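Here are the chains, one letter per residue:
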Amino acid sequence: MTEKSLKIKESIAQTKFKRQHQRVVTYKLKIQVKTKKKKALLNSVFIQAKWLYNSLLFNTDKTDNANKLEAVWVKVRDSFEQRQLKLLGSQIKQEIGYRLIDNLKGMSILKRNGTKVGVLKPKRFLNSVPLKQYGVTYKLDFSRNRIHIQKLGSFRILGLKQIPDCDIASAVLLRRPDGFYVHVTTYQEQKNVFTINKPVGIDFGVKDKINLSNGLKIYFEIPESKRLKLLQNVLSRKKKKTLKTEKRKRHC
């Protein structure tokens, strides 16, 4: 075994030991898409991911080398056309291949257990794309509230401030009826959990927010962001009860 392999093996062992003392927390972040060009770009990623998944479904022997595929054949009406996978990085392609393998294994287990299942069918829509490695497939810029996705570029993202100082792992790019989201998986230190063996009275105050009958006082505050203050200031100077004003309210 080479020195490089030993270092990789040691690093994996250290990470596994570290994860045993951490808890998994996932954060939902929303991508702000302000232009039709960027919206079309994101939609194209999900279309290309669907092409790849359906192509691998009919050629499962290629799943191990999915990261090397540059183009696939796509059925268009009664014929097949070759389509380029320009927006999918190698890690994204490989993760889509692994996802298909997991689906096939799951169906095989169900069959062995006596459950009647059919066959995997080509997807009409694919609304999730895996972002495997933080720092390679995607990066978060906390100072500018932006996310950079491999081969797609940079996007403004909402909700970054809720992520504390922790280990950031993989993520999933999602498409929903109300927009595009990123679910980021993090590993955080386990917090001490205490149990209460008797009833506790709760009093909501002003100074301490919450007072418990056992003497525990809880204070919390959710400050307004600079952006929210700016939007509210702009909104206050607009004409009331118009379509544009109501639209601005929804974005505040």
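Here goes a summary of the coordinates provided. (Residues numbered from 1 in each chain as written. Predicted model: local features only at pLDDT ≥ 70, side-chain atom pairs only at ≥ 80, totals over all residues. Heavy atoms only, no water.)

In this section: the sheet that holds strand β10 (residues 202–204). Strand order across the open sheet formed by 3 strands is β10-β11-β12, with antiparallel pairing between neighbours. Every other strand in the sheet has two partners, leaving β10 and β12 (217–218) as the edge strands with one partner each. Summarising the sheet, β10 and strand β11 (residues 210–212) pair through 3 bridges and their orientation is antiparallel. Residue pairing for β11: phenylalanine 204 is matched across the bridge by isoleucine 210. (Pairing = 2+ DSSP bridges. Helix = DSSP H or I, 4+ residues; strand = E, 2+ residues; numbered from the N terminus.)

Attention shifts here to the sheet that holds strand β7 (residues 153–158). The sheet built from 7 strands is open, its strands ordered β4-β8-β9-β1-β7-β6-β5 with antiparallel pairing. Strand pairing shows two members of the sheet lacking a second neighbour, β4 (128–131) and β5 (138–141), which therefore form its edges. Strand-to-strand twist across the sheet, computed as the mean angle between neighbouring axes with direction ignored, equals 30°. The sheet contact formed by strand β8 (residues 167–176) and strand β9 (residues 179–189) spans 8 bridges and is antiparallel. The partner of isoleucine 168 across the bridge, within β9, is threonine 186. (Axes fitted to C-alpha atoms, helices over the stretch in contact; angles between N-to-C directions.)

A separate point is helix α3 (residues 90–112). Across its 23 residues, α3 extends 33 Å between first and last C-alpha, which sits within 8% of the 33 Å expected from 1.5 Å per residue. Burial in α3 covers these residues: Gln91, Ile92, Lys93, Gln94, Glu95, Ile96, Gly97, Leu100 and Met107. Check the buried side of α3 and you find it contacts α2 (36–58) and β4. (Expected span 1.5 Å × (residues − 1). Buried < 20%, exposed > 50% of the residue type's maximum accessible area, 1.4 Å probe, protein only. Contact = heavy atoms within 4.5 Å.)

A separate point is the pairing of β5. Residues Tyr138 and Leu140 point to one face of β5 and are all buried, whereas Lys139 and Asp141, pointing to the other face, are not buried. Sheet analysis places β5 next to strand β6 (residues 146–149), joined by 4 bridges and oriented antiparallel. Bridge assignment links lysine 139 to a residue of β6, and that residue is histidine 148. Linking two consecutive strands that pair antiparallel, namely β5 and β6, is a turn of 4 residues; a positive phi of about 55° is found at asparagine 145 within it.

Where α2 contacts α3, the two axes come as close as 10 Å, and the packing angle between them is 50°. Judged by the angle between their axes, α2 and α3 are oblique. As α2 runs across α3, the sense of the crossing is right-handed. Residues Ala49, Leu52, Tyr53, Leu56 and Leu57 of α2 form the contact with α3, whose participating residues are Lys93, Ile96, Gly97, Leu100 and Asn103. (Parallel < 35°, antiparallel > 145°, perpendicular 65-115°, else oblique. Left-handed = near helix turned anticlockwise from the far one by under 90°.)

As a further point, take the pattern of salt bridges. Counting across every chain of the model gives 5 salt bridges. Note that glutamate 81 is salt-bridged to arginine 83, the shortest N-O span being 2.8 Å. Classification of glutamate 81 as partly exposed rests on a relative accessible area of 34%. When its relative accessible area of 24% is taken as the criterion, arginine 83 is described as partly exposed. For the salt bridge of glutamate 95 with lysine 132, the shortest nitrogen-to-oxygen distance reads 3.8 Å. One end of the pair, glutamate 95, is in helix α3; the other, lysine 132, is in the loop between β4 and β5, with 37 residues separating them in the sequence. (Salt bridge = Lys/Arg side-chain N within 4 Å of Asp/Glu carboxyl O.)

Let us look at the environment of alanine 169. Note that alanine 169 resides in strand β8. Judged by its relative accessible area of 17%, alanine 169 falls in the buried class. For the pair formed by alanine 169 and lysine 34, sequence separation is 135 residues and the distance between their alpha carbons is 27 Å. Apart from residues lying up to four places away in sequence, alanine 169 is in contact with Lys132, Tyr134, Tyr138, Thr185 and Tyr187.

With the rule as written, the count across this model stands at 2 aromatic pairs. Taking the centre distance of 6.2 Å and the plane angle of 20° together, the rings of phenylalanine 46 and phenylalanine 180 count as stacked. Remark: phenylalanine 180 occurs in strand β9 and phenylalanine 46 occurs in helix α2; sequence separation between them is 134 residues. Each member of the pair phenylalanine 46 and phenylalanine 180 is classed as buried. Directly above the aromatic system of phenylalanine 155 lies the positively charged group of lysine 38, at a separation of 4.6 Å from the ring centroid. Its end group placed over the ring of tyrosine 53, lysine 123 keeps NZ or CZ at 5.2 Å from the ring centre. (Phe/Tyr/Trp six-rings, centres within 6.5 Å; stacked < 30°, edge-to-face > 60°. Lys NZ or Arg CZ within 6 Å of the ring centre and 35° of its normal.)

In short, the description is geometric, and any link to function would need to be established separately.
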